[in-house]
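# Structural overview for review
This is what each chain is made of:
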2 protein chains.
Amino acid sequence: MTNENLELKKAGLKVTLPRVKILNILESSDTRHMSAEDVYKSLLESGDDVGLATVYRVLTQFESAGLVLRHNFEGGHAVFELNNDDHHDHMVCTETGEVIEFCDPVIEKRQKEIAAEHGYEIVDHSLILYVKPKKS
Amino acid sequence: MTNENLELKKAGLKVTLPRVKILNILESSDTRHMSAEDVYKSLLESGDDVGLATVYRVLTQFESAGLVLRHNFEGGHAVFELNNDDHHDHMVCTETGEVIEFCDPVIEKRQKEIAAEHGYEIVDHSLILYVKPKKS
DNA sequence: CTAATTGCAAAAGCTTTGCAGCGCA
DNA sequence: TGCGCTGCAAAGCTTTTGCAATTAG
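From a predicted model like this one, the values you see are computed outputs, not experimental measurements. (Residues numbered from 1 in each chain as written. Chains lettered and ligands numbered in written order. Predicted model: local features only at pLDDT ≥ 70, side-chain atom pairs only at ≥ 80, totals over all residues. Heavy atoms only, no water.)

## As for the relation of the copies chain B and chain A
The two copies are related by a screw operation: chain B maps onto chain A through 180° of rotation and 0.0 Å of translation along the axis, at an RMSD of 0.1 Å. Put plainly, the chains are arranged around a two-fold axis. Closest approach to the rotation axis within chain B is made by the C-alpha atom of Leu127 of chain B, at a distance of 2.2 Å. Both copies share a contact surface, since 100% of the interface residues of chain B are interface residues in chain A too. (Least-squares fit on C-alpha atoms with pLDDT ≥ 70 in both. Contact = heavy atoms within 4.5 Å.)

## Here's the deal with helix H2 (residues 17–28) of chain A
Residue and element names in this part refer to chain A. Over its 12 residues, H2 extends 16 Å from the first C-alpha to the last, a length consistent with the 16 Å expected when each residue adds 1.5 Å. Those residues of H2 not exposed but buried are Arg19, Val20, Ile22, Leu23, Ile25 and Leu26. Against the buried residues of H2 lie helix H1 (3–10), strand S1 (34–35), helix H3 (36–45), helix H4 (52–64), strand S2 (68–71) and strand S3 (79–82). (Helix = DSSP H or I, 4+ residues; strand = E, 2+ residues; numbered from the N terminus. Expected span 1.5 Å × (residues − 1). Buried < 20%, exposed > 50% of the residue type's maximum accessible area, 1.4 Å probe, protein only.)

## Describing the side chain of Glu81 of chain B
Residues and elements named next belong to chain B. Summarising the element assignment, Glu81 is placed in strand S3 (residues 79–82). Residue classification places Glu81 among the buried positions, given a relative accessible area of 0%. Of note is the side chain of Glu81, whose polar atom sits 2.6 Å from the side chain of His71. Engagement of the side chain of Glu81 in a polar contact is seen with the side chain of His88, the distance being 3.1 Å. Apart from the residues lying within four places of it in its own chain, the contact partners of Glu81 are Arg32, His33, Leu67, Val68, Leu69, His71, His88, His90 and Glu101. (Polar contact = N/O pair within 3.5 Å; in protein donor to acceptor, adjacent residues only side chain to side chain.)

## Some words on the environment of Ser42 of chain A
Residues and elements named next belong to chain A. Take Ser42: it is sitting in helix H3. Along the primary structure Ser42 and Leu52 are separated by 10 residues, whereas in three dimensions their C-alpha atoms are 11 Å apart. Sequence-distant contacts of Ser42, defined by excluding residues within four places in its chain, comprise Ile25 and Met34.

## Describing the sheet that holds S1 of chain A
All names here are of chain A. Strand order in the open sheet made by the three strands is S1-S3-S2, with antiparallel pairing throughout. One side of each edge strand has no neighbouring strand; the edge strands of this open sheet are S1 and S2. In the sheet, S2 pairs with S3 via four bridges, with the strands oriented antiparallel. Paired with Val68 across the strands is Leu82, a residue of S3. In the packing of H2 onto the sheet, the strands contacted are S1, S2 and S3, and the crossing angle to S3 comes to about 80°. (Pairing = 2+ DSSP bridges. Axes fitted to C-alpha atoms, helices over the stretch in contact; angles between N-to-C directions.)

## Quick notes on the protein's contact with DNA strand C
Inspection of the region around DNA strand C gives 19 residues, with Tyr56 of chain A together with Thr16, Arg19, Thr54 and Arg57 of chain B positioned closest. Within 4 Å of the protein, the contacting atoms of DNA strand C are drawn from sugar and phosphate to the extent of 70%. Between Lys14 of chain A and DNA strand C, the recorded distance is 3.4 Å, taken from a side-chain N or O atom to a base oxygen. Within the contact set of DNA strand C, a phosphate oxygen lies 2.9 Å away from a backbone nitrogen or oxygen of Ala78 of chain A. The element contributing the most residues to the surface near DNA strand C is H4 of chain A, with four residues. Looking at the surface near DNA strand C, its residues break down into seven nonpolar, six polar and six charged. (Near = heavy atom within 4 Å. Nonpolar A, V, L, I, M, F, W, Y, C, P; charged D, E, K, R; others polar.)

## Some details on unusual backbone geometry
Residue and element names in this part refer to chain A. Not every positive phi belongs to a glycine, and Asp85 is a case in point at roughly 65°. Considering the arrangement of structural elements, one finds Asp85 in the loop between S3 and strand S4 (89–93). Judged by its relative accessible area of 70%, Asp85 falls in the exposed class.

## Observations concerning the pattern of salt bridges
By the definition in use, this model includes 16 salt bridges over all chains. The partner of Arg32 of chain B in a salt bridge is Glu81 of chain B, with the nearest N and O atoms 2.7 Å apart. Of this pair, Arg32 of chain B sits in the loop between helix H2 (17–28) and strand S1 (34–35) while Glu81 of chain B sits in strand S3, and the two are 49 residues apart along the sequence. When the shortest N-O distance is used, the salt bridge between Glu113 of chain B and Arg110 of chain B registers 2.4 Å. Of this pair, Glu113 of chain B and Arg110 of chain B both sit in helix H5 (residues 105–117), three residues apart, which is roughly one turn of the helix. Here Glu113 of chain B falls in the partly exposed class, since its relative accessible area comes to 28%. Linked through salt bridges whose partners overlap, the residues forming this network are Asp104 of chain A together with Lys109, Arg110, Glu113 and Glu117 of chain B. (Salt bridge = Lys/Arg side-chain N within 4 Å of Asp/Glu carboxyl O.)

Keep in mind that these numbers describe shape and distance, not what the molecule does.
If you want it as structure tokens, here you go:
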């Protein structure tokens, strides 16, 4: 049994064609961050006839199962990426749209401390830097 | 001339009733962070007949003018707050919806450094901590 | 007076949902 | 076979836009 199928089973999801195909696209795409529309178009290009509604449903199920992460960058639509369990934040280039991942222990630590100072603990967090190439 | 009117003039916007009223609501509301819908409902409650479309248009103009800031917290709708020129980030309580503002120099500094390490400079950033009350 | 602004309704864009039919276990 | 899944179309939500009427300067 393939790796994808195992992941689906573990998530308690039936191994269906649309789910396997969507998982494949997320795994093989060279852009790690895709919108539902991106995934949908990618399916169409591969000649696979999957409805957009199904793409949304499957991505939402994957998110609940912890297989993918959903981000709300600016621009009105959500983007999804495979969850590799290596937490990171994002830097989005405002000129090229390029997305760079990073993780900074100093920031992570301060976040926890700040929440604690206010009597809270962190459930989740979202840090996005909107950047542009530096003139050197 | 009132303070609000001056702010509008400075922003190059005609001093119209809807604009003054919306600015007033933002200034006098006890919840600093309001959605367009919140502002709209608040207007209706005051007996002011302003269209929702106008609320959106005015808030967008205010944002362009630097009078307000727009944030995309989770939940599918944007929230607006008056821009006091004191930069801060946000902590949103997932249980009560309460919004707490904070600013941490250590994090701010690291953000700039990280962007620079990748050859970028920061245009804008968004840091939101989703938190819950800590069991003590 | 004239250009900017508004209100209404319609449209747009992303996402979700109802339902009948299809497919995996 | 049976329940879950899919596709389609329709609806939902927030936000934007076209246009005629109104208003500020």
